Amino acid sequence: MTDAPFRFPSDDELMAGPNAFDEAEQAGESEEPGQAEPVRDGQAEPDDDALPASARVAVTVPEVPEGYRAGFACLVGRPNAGKSTLTNAMVGQKVAITSGRPQTTRHNVRGVVHRDDAQLVLVDTPGLHRPRTLLGKRLNDLVRETLSDVDVIVFCVPADEKVGPGDRFIARDLADARRPVVAVVTKADTVSREALAAQLLAVNDLGDWADVVPVSARRGEQVDVLEDVLIGHLPPSPPLYPTGEVTDEPQAVMIAELVREAALEGVRDELPHSLAVVVDEIVDPRTDRTGSRVKGTGGRLQVRVSLVVERDSQKAIMIGKGGSRLKEIGVVSRKGIQKLLGRPVYLDLHVRTSKDWQSDPKALARLGF
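About the criteria used
Residues numbered from 1 in each chain as written. Predicted model: local features only at pLDDT ≥ 70, side-chain atom pairs only at ≥ 80, totals over all residues. Heavy atoms only, no water. Pairing = 2+ DSSP bridges. Helix = DSSP H or I, 4+ residues; strand = E, 2+ residues; numbered from the N terminus. Axes fitted to C-alpha atoms, helices over the stretch in contact; angles between N-to-C directions. Contact = heavy atoms within 4.5 Å. Buried < 20%, exposed > 50% of the residue type's maximum accessible area, 1.4 Å probe, protein only. Parallel < 35°, antiparallel > 145°, perpendicular 65-115°, else oblique. Disulfide = S-S within 2.5 Å. Expected span 1.5 Å × (residues − 1). Core = buried A, V, L, I, M, F, W, Y, C linked by side-chain atoms within 4.5 Å. Phe/Tyr/Trp six-rings, centres within 6.5 Å; stacked < 30°, edge-to-face > 60°. Salt bridge = Lys/Arg side-chain N within 4 Å of Asp/Glu carboxyl O.

Enquirer: Mind laying out the sheet that holds strand β4 (residues 109-114), listing which residues take part and the relevant values?
Expert: The strands making up a sheet associate through backbone hydrogen bonding, with each pair oriented either parallel or antiparallel. Spatially, six strands are ordered β4-β5-β3-β6-β7-β8 in an open sheet, and the strand pairing comes out mixed. On the outer flanks of this sheet lie β4 and β8 (211-214), each paired with one strand and no other. Each strand axis lies, on average, 25 degrees off the axis of its neighbour in the sheet, ignoring direction. Judged from the seven bridges that link them, strand β3 (residues 69-76) and strand β5 (residues 118-124) form a sheet pairing that is parallel. Bridging across to β5, A70 finds its partner in Q119. Sheet strands touched by helix α4 (residues 134-147): β3, β5 and β6 (152-158). Its angle to β3, the strand with the most contacts, is close to 150 degrees.

In structure tokens, the structure reads:
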């Protein structure tokens, strides 16, 4: 007996169900394409009208106003350009950590702005810079990959620093973007009106921008104007995120970022680049049955976190004399974590060394980069 020649299923057969074609073949059916009837347990597939009311699933599509818009806006710029502070100001609450240290952001952070007529999803990206490590190269690649997946690009340039080679480099990159680019002069409250006007002219000359907007995220000035401008570049669309959801960041990632934010304050210049934070374990004593609790008493959520540095000398700095520095990090970050989770937390911090992890592919993979 020879094998039957292969026949690709028709559109009707594919639409009938994932296994309809296989079932027809196994049953020895030889109808022409489009004639095979789906079979389940020897019975023809019932029509929806034949199903009892209790077996039908109601699909509810939320109503949105006519002209509703939704889409993604990516914030790009060199390190410390105010992207994360602006993201938090537009969302209305903290979704991205901030610091005076450059290169604070190390992954894309999404924040959702909800309005009656639109939904704007902001993507805060790491600062584009000249990479000196494998980590730096990967972060730059992450930003460039993100640019092709959004509806509008927000190019951030701080008002209190002259336009430099880094800004011009990014502007040349964005000239090839097939998306509208809105140039934003951030930190407008830090300079005089005359200096701000001069910076706006300098930024305008960097490229052919869809709009140029000055903002002060710290004071909330012009944030609503920028919001309107960005939404004007979004396509008509239903909401992309549920009402009330302001970020899709995993809980463990947000916890790690809050610890890293606390750790970045008051440390030496070289440490921010050499510091990574990873959540090793989250245990809820109220539901855990494994007995793998960390420490502490009561019903507090048990969170174990590792702070990873590249050298033993950095480890000593992070711990501090008699553990004072590490204790301070714990006190500050625990407040933010408890606010995030809405319950008491026992935070167990440990510092460990992973030599030159920023340039080690295996170490980067373990740390989530």
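On we go.
Enquirer: Summarise unusual backbone geometry; cite the residues concerned and give the values.
Expert: In this structure, N80 is a non-glycine residue whose phi angle is positive, near 65 degrees. Note on placement: N80 falls in the loop between β3 and α3 (83-91). Phi angles above zero are rare outside glycine, and Q222 is one such case at about 70 degrees.

Enquirer: Residues and numbers for α3, please.
Expert: It helps to recall that an α-helix has 3.6 residues per turn; residues three or four apart then point in one direction. The buried fraction of α3 is high, at seven of nine residues. Residues K83, S84, L86, T87, N88, M90 and V91 constitute the buried set of α3. Residues of α3 that are buried in the fold lie against β3, β4, β5, β6, β7 (181-186) and α7 (223-231). Taken from the residues just after α3, G92 is the one with a positive phi, measuring 95 degrees.

Enquirer: Let's hear about the sheet that holds strand β11 (residues 345-353): which residues, and what values?
Expert: With mixed pairing, three strands are arranged side by side in an open sheet as β9-β10-β11. Where the open sheet ends on each side, the last strands, each with one partner, are β9 (276-283) and β11. Averaged over neighbouring strand pairs, the angle between their axes works out to 20 degrees when direction is ignored. Where strand β10 (residues 301-309) meets β11, nine bridges bridge the pair, whose relative direction is parallel. Following the sheet pairing, S306 is matched in β11 by H350. Across the sheet, helix α8 (residues 251-264) is in contact with β9, β10 and β11; its angle to β9 comes to roughly 130 degrees. Running over the sheet, helix α10 (residues 312-319) touches β10 and β11 and is turned about 155 degrees from β11.

Enquirer: Break down the packing of α10 against helix α11 (residues 324-341) for me, with residues and values.
Expert: Axis separation between α10 and α11 bottoms out at 5 Å; the angle between their running directions is 60 degrees. Viewed along their axes, α10 and α11 adopt a mutual orientation that is oblique. The residues of α11 that touch α10, namely those facing I317, M318 and I319, are S324, R325, L326 and I329.

Enquirer: Talk me through the state of the cysteines; I want residue IDs and the actual numbers.
Expert: All told, the structure shown has zero disulfides when counted by the stated rule. This cysteine, C74, is not joined by any disulfide, and C156 carries the nearest cysteine sulfur, 9.4 Å off. Of the residues examined, C156 reaches a relative accessible area of 0% and is grouped as buried.

Enquirer: Now, about α8: what can you tell me, with residues and values included?
Expert: In a regular helix each residue adds 1.5 Å, so 14 residues correspond to 20 Å; α8 covers 20 Å between its end C-alpha atoms and thus fits that length. The buried fraction of α8 amounts to eleven of the 14 residues, a majority that puts the element mostly inside the structure. Taken together, the buried positions of α8 are occupied by M254, I255, A256, E257, L258, V259, R260, E261, A262, A263 and L264.

Enquirer: An account of the nonpolar core is needed here, citing residue identities and associated values.
Expert: L86, M90, L120, L122, V182, L226 and L230 are the most contacted members of the largest nonpolar core, which totals 28 residues. Contributing elements (two or more residues each) for this core: β3, α3, β4, β5, β6, β7 and α7. For this core, the element with the highest residue contribution is α7, accounting for five residues. By size, the runner-up hydrophobic cluster in this structure holds 23 residues, among which are A263, V309, L326 and L349.

Enquirer: Can you lay out the packing of aromatic side chains for me, pointing to particular residues and giving the numbers?
Expert: One pass over the structure, following the stated rule, counts one aromatic pair. Taking 5.5 Å as the distance between ring centres and 55 degrees as the angle between the ring planes, the aromatic pair formed by F155 and W209 counts as tilted. On the criterion of sequence distance, the pair formed by F155 in strand β6 and W209 in the loop between α6 (193-204) and β8 is long-range, its members being 54 residues apart.

Enquirer: Could you give me a rundown of the pattern of salt bridges, with the residues and numbers involved?
Expert: Tallying each qualifying case throughout the model produces twelve salt bridges. Ionic pairing is found between E261 and K94, a salt bridge with its closest N-O pair at 2.7 Å. Taken together, the residues span a long stretch of sequence, with E261 in helix α8 and K94 in the loop between α3 and β4 at a distance of 167 residues. Residue classification places K94 among the partly exposed positions, given a relative accessible area of 39%. For R325, the salt bridge is made with E328, and the minimal N-O distance between the two is 3.5 Å. Of this pair, R325 and E328 both sit in helix α11, three residues apart, which is roughly one turn of the helix. Residue classification places R325 among the buried residues on the basis of a relative accessible area of 11%. Take E328: its relative accessible area is 46%, and that puts it in the partly exposed class. Overlapping salt bridges bring together R115, D117, E227 and D228 as one network.

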